[in-house]
Amino acid sequence: MSERTRRVWTAWQERQPRLIADVLDALGRSEGTAFGTRLNVCLADLIEPLDAVYGGSTDIADLCERAVRIALAAAGARPEELRLLDRRREVDRDWFQRPRMQGYVCYTERFCEKLANLPEHIDYLAELGVTYLHLMPLLQPRPGENDGGYAVMDYRAVDSRLGTMHDLEEVATALRSRDMSLCIDVVLNHTAREHRWAQGWLTGDPAYADFYIAFPDRTIPDAFDATIPPVFPDRAPGSFTWVDAALGGTGGWVWTTFWPYQWDLNYANPDVLLAMLGEILWLANRGVEIFRMDAVPFLWKRLGTNGLNQPETHSLMQALNGLVRLAAPATVFKAEAIVAPEDLVPYLGAHDRYRPECDLAYHNQLMVMLWSSLATKDAELARHALGRMDPIPPGTSWVTYVRGHDDIGWAVTDTDAASMGWNGFSHRRFLNDFYSGRYGDSFARGALFQQNPLTGDARISGTTAALCGIEDSLDRGDAAALEQGVRRLVLLYSVIYAFGGVPLLYMGDELALRNDRTYLDDPALAADNRWMHRPWMDWAAAGRRHDPETLEGRVFGWLQRLGAVRRDVLALRGGTDTVLLDVGDNKVLAWRRRHPRSGTFVGLANVADTDAVVDLGRLAGLGDLQPVLGSDPMEVTDGRLRLPALGFWWLAEP
Ligand code: GLC
């Protein structure tokens with residue numbers, strides 16, 4: 001510990017008795033003792049990261065006390081029902097690790113129009129085994145273009161087209177009564193330019209001084225832009241936008257990593273952190289249990305870097321997590337960090353030393369590797385890349401997913417590609433060609449997103465069903481290809497439901513919904529083809545879900561089965577490692593899991609359009625593995641399991 005940090009601790013110790021007396025006053029003996037105990041437990045995880053970020057310029061003991069008092073006010077205002085949930089979760093810290101946890105992701109409007117209609121669809125979710133519902137951005141966005149709701153102008157109001165904050169609370173309560181958790185986005189890197197903070201900053205309100213970042217000329221922006229890759233190169237190149245009213249009206253280049261109307265917050269100012277903390281806690285008290293921390297890698301800016309994953313970003317997340325836990329221990333953070341595999345694991349707290357940070361993180365690498373494997377019809381790159389990832393801390397989990405609302409960016413590192421003897425750039429270009437349907441034998445019907453003519457990079461849009469070949473085969477009336485497409489979709493979900501962590505089902509995949517082109521008719525959406533894979537729920541198609549003769553019935557039935565079987569397999573609980581296996585056929589992605597109280601689980605997935613053979617001898621020593629769920633009848637000859645094209649098996653010890 002540095003001399004400076006030691007001084008912070010001493011200063012803190014002087015403040016603590018008065019603070020604790022106030023805690024007991026405000027919360028009473030029982031709640032106050034719980035709060036004080038939590039504070040003791042997390043104190044190091046507050047003081048040290050705050051000191052690391054702000055120690056040079058701020059009185060850290062004072063900052064920490066201000067932050068803790070914000071948490072205290074939120075704890076005092078926390079509704080009784082949520083305090084009971086806190087009690088349960090403090091006893092059952094691993095609640096989000098259980099195999100019963102299974103997510104569903106949808107846009108409120110596209111799923112059921114309004115929040116008030118959501119409770120009547122909970123039975124539909126329950127049929128799929130859902131215990132976690134992520135409602136896509138629903139806080140008050142700016143008018144007009146809003147990046148799918150990721151340009152928030154008020155964190156304490158719901159988009160009036162969807163309903164009211166009261167409706168959101170009712171949804172949270174309805175979900176909770178069915179043992180389901182509500183997840184929403186916290187857009188913490190930026191606000192809409194129309195947000196009260198941004199407007200206050202523009203007009204020189206001292207309360208919002210330094211809330212955003214602006215430069216009078218291009219010198220510094222050019223220096224940053226030289227090393228920061230643009231997120232939206234085709235329509236929003238660079239990370240800055242000229243704003244006439246900035247810098248007291250003389251004009252300035254405002255930091256806008258994403259679209260010009262999304263202004264990056266200046267986390268170098270500790271008041272920004274405290275303001276965001278206040279918003280998160282307010283939402284926690286409305287009944288949100290899981291916060292999807294949007295675009296976290298971008299929080300801290302540093303010249304000469306790619307602007308991602310800076311150490312201060314991690315410190316900020318650590319401090320926020322500790323503070324939110326302090327007031328609302330029932331909540332968890334999920335990191336949206338779509339970055340290279342070596343940069344991903346630290347968001348779960350795996351640094352040189354463990355530091356509690358986010359509890360969940362998107363397993364972007366698994367998602368990318370699955371699509372890459374389907375295109376190459378070979379799982380070796382996936383086995384290699386997933387196998388070399390660092391383990392995650394035991395108290396954390398992945399969220400696994402096949403498809404989300406964003407484009408797929410090909411996070412295949414050059415090093416991983418080289419281990420196959422491939423050139424990274426060429427492989428990524430092949431994947432773009434393949435999934436945009438421009439490659440010879442491609443079954444996919446995706447589209448390129450954000451093609452960058454300077455670098456040749458691009459990403460992919462399209463629904464799971466479109467990328468799996470279902471759309472193409474239906475259009476061509478090719479029954480055999482449709483069968484393969486369905487098998488591909490089920491195969492992908494068979495992996496993410498059993499890889500460890502919380503699987504997310506993206507709305508519409510359970511019915512194999514195809515690309516939606518209606519976005520082209522809406523001028524606020526037309527230029528962003530990610531809307532093609534954000535379809536409107538097709539309730540007529542959902543009406544066919546119980547008919548196994550239909551496409552919808554088949555896919556829905558499989559997703560139900562995957563969920564139902566998963567719930568009883570303890571080895572699929574998060575918090576333990578997934579180990580990649582070599583079963584003697586590169587077409588097969590194979591992995592094993594184990595939990596201290598369970599036997600072994602092995603998953604097998606043949607990513608190719610031809611049969612594979614699994615040498616069961618290679619699984620010898622892993623225990624008495626029995627078939628639990630598979631795509632086809634079990635066929636074993638002389639110790640070799642035939643795994644038909646695009647087939648899967650889950651095996652587990654009884
Ligand atoms: C996240 C969202 C994406 C959005 C961006 C900016 O990456 O998933 O949809 O464009 O953040 O908020």
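Structure's up top.
Structure report, in brief. (Residues numbered from 1 in each chain as written. Predicted model: local features only at pLDDT ≥ 70, side-chain atom pairs only at ≥ 80, totals over all residues. Heavy atoms only, no water.)

1. Observations concerning the packing of aromatic side chains
Within this structure, the stated rule accounts for 36 aromatic pairs. Seen in terms of ring centroids, Phe 111 and Trp 539 are 5.3 Å apart; in terms of plane orientation they differ by 55 degrees. Their pairing is tilted. Of this pair, Phe 111 sits in helix α4 (residues 108–112) while Trp 539 sits in helix α19 (residues 539–542); the two residues are 428 residues apart in sequence, bridging distant segments of the chain. Judged by relative accessible area, which is 1%, Phe 111 ranks as buried. Here the aromatic residues Trp 371, Trp 410, Phe 430, Phe 434, Tyr 435, Tyr 439 and Phe 443 are joined through ring pairs into a cluster of three or more. In this structure, Arg 89 packs its charged tip against the face of Trp 95, placed 3.5 Å from the ring centre. Over the ring of Trp 282 we find Arg 286; its NZ or CZ atom is 4.3 Å from the centre of that ring. (Phe/Tyr/Trp six-rings, centres within 6.5 Å; stacked < 30°, edge-to-face > 60°. Helix = DSSP H or I, 4+ residues; strand = E, 2+ residues; numbered from the N terminus. Buried < 20%, exposed > 50% of the residue type's maximum accessible area, 1.4 Å probe, protein only. Lys NZ or Arg CZ within 6 Å of the ring centre and 35° of its normal.)

2. A short note on the pairing of strand β1 (residues 103–106)
Neither face of β1 is open: one carries Gly 103 and Val 105, the other Tyr 104 and Cys 106, and all of them are buried. Note: β1 against strand β17 (residues 502–506), three bridges, orientation parallel. Bridge pairing in β17 links Val 105 to Tyr 506. Judged from the four bridges that link them, β1 and strand β2 (residues 132–135) form a sheet pairing that is parallel. Looking across to β2, one finds that Tyr 104 is bridged to Leu 133. (Pairing = 2+ DSSP bridges.)

3. A closer look at the nonpolar core
Grouped burial of nonpolar side chains is what soluble globular proteins tend to show. By size, the foremost hydrophobic cluster in this structure holds 202 residues, and its most contacted members are Tyr 104, Tyr 267, Trp 371 and Tyr 435. No other element matches helix α1 (residues 3–54), which puts 15 residues into this core. Listed in part, the 15 residues of the second largest apolar core include Val 602, Leu 604, Leu 641 and Leu 651. (Core = buried A, V, L, I, M, F, W, Y, C linked by side-chain atoms within 4.5 Å.)

4. Things to note about the side chain of Thr 331
Position of Thr 331 relative to the elements: it lies in the loop between α10 (311–327) and β12 (332–335). Here the side chain of Thr 331 touches Ala 328 through a polar contact of 2.7 Å, landing on its backbone oxygen. (Polar contact = N/O pair within 3.5 Å; in protein donor to acceptor, adjacent residues only side chain to side chain.)

5. Considerations on the packing of α1 against helix α2 (residues 60–76)
Between α1 and α2, the least distance of the axes is 9 Å, while the angle of their chain directions is 145 degrees. Crossing geometry of α1 relative to α2 is assigned as right-handed. (Axes fitted to C-alpha atoms, helices over the stretch in contact; angles between N-to-C directions. Left-handed = near helix turned anticlockwise from the far one by under 90°.)

6. Structural notes on α1
In a regular helix each residue adds 1.5 Å, so 52 residues correspond to 76 Å; α1 covers only 15 Å between its end C-alpha atoms and thus falls short of that length. The sharpest bend along α1 measures roughly 125 degrees and falls at Gly 28. (Expected span 1.5 Å × (residues − 1). Bend = angle between axes of the 7 residues up to and from the residue.)

7. Observations concerning the packing of helix α12 (residues 364–376) against helix α13 (residues 380–387)
Close contact between α12 and α13 brings their axes to 8 Å; oriented N to C, the two are set at 165 degrees. Considering their axes alone, α12 and α13 lie roughly antiparallel with respect to each other. Handedness of the crossing formed by α12 with α13: right-handed. Where α12 abuts α13, its residues Gln 365, Leu 366, Met 369, Ser 372 and Ser 373 lie against Leu 381, Ala 382, Ala 385 and Leu 386. The class makeup of the residues in the contact of α12 with α13 is six nonpolar, three polar and no charged. (Parallel < 35°, antiparallel > 145°, perpendicular 65-115°, else oblique. Contact = heavy atoms within 4.5 Å. Nonpolar A, V, L, I, M, F, W, Y, C, P; charged D, E, K, R; others polar.)

8. Focus on the pattern of salt bridges
Here the structure, examined in full by the defined rule, presents 58 salt bridges. Residues Arg 87 and Glu 90 are paired through a salt bridge, measuring 3.1 Å at the closest nitrogen-oxygen approach. On the criterion of helical spacing, the pair formed by Arg 87 and Glu 90 is a turn pair, its members being three residues apart in helix α3 (residues 80–91). Residue classification places Arg 87 among the partly exposed residues on the basis of a relative accessible area of 29%. Relative accessible area serves as the criterion here: at 28%, Glu 90 is assigned to the partly exposed category. When the shortest N-O distance is used, the salt bridge between Glu 289 and Arg 89 registers 2.9 Å. Taken together, the residues span a long stretch of sequence, with Glu 289 in the loop between α9 (270–284) and β11 (290–294) and Arg 89 in helix α3 at a distance of 200 residues. Neither Glu 289 nor Arg 89 differs from the other in exposure class; each is buried. When salt bridges with common partners are traced through the structure, they connect Arg 15, Arg 18, Asp 22, Asp 59, Asp 62, Glu 65 and Arg 69 into a single cluster. (Salt bridge = Lys/Arg side-chain N within 4 Å of Asp/Glu carboxyl O.)

9. Let's talk about the site of the ligand
Around the ligand, the surrounding shell holds 13 residues, and the nearest of these are Asp 147, Arg 292, Asp 294, His 405 and Asp 406. Between the ligand and Asp 294, the relevant distance is 2.8 Å, taken from an oxygen atom to a side-chain nitrogen or oxygen of the residue. The contact in question runs from an oxygen atom of the ligand to an N or O atom on the side chain of Arg 530, over 3.3 Å. The protein chains hide 95% of the 310 Å² of surface that the ligand would expose on its own. Grouping the constituent residues of the shell around the ligand by class yields four nonpolar, three polar and six charged. (Near = heavy atom within 4 Å. Areas by Shrake-Rupley, 256 points an atom, 1.4 Å probe, with all protein chains shown as cover.)

10. Considering the sheet that holds strand β19 (residues 588–594)
Picture the strands of a sheet paired through backbone hydrogen bonds; they go either parallel or antiparallel. Across the sheet, five strands lie side by side as β18-β19-β20-β25-β22; this open sheet has antiparallel pairing. With one partner strand each, in any of the chains shown, β18 (578–581) and β22 (626–630) form the two edges of the open sheet. Strand-to-strand twist across the sheet, computed as the mean angle between neighbouring axes with direction ignored, equals 25 degrees. As paired elements, β22 and strand β25 (residues 648–652) share four bridges and run antiparallel to each other. Bridge assignment links Gly 630 to a residue of β25, and that residue is Trp 649.

11. Focus: the sheet that holds β12
Strand order in this closed barrel of eight strands is β1-β2-β5-β11-β12-β13-β14-β17, and the pairing throughout is parallel. The sheet shows a mean angle of 25 degrees between the axes of neighbouring strands, taken without regard to direction. Pairing of strand β14 (residues 397–401) with β17, which is carried by three bridges, proceeds in the parallel orientation. Residue pairing for β17: Thr 400 is matched across the bridge by Pro 503. Relative to the sheet, α10 contacts β11 and β12, its axis offset from that of β12 by approximately 155 degrees.

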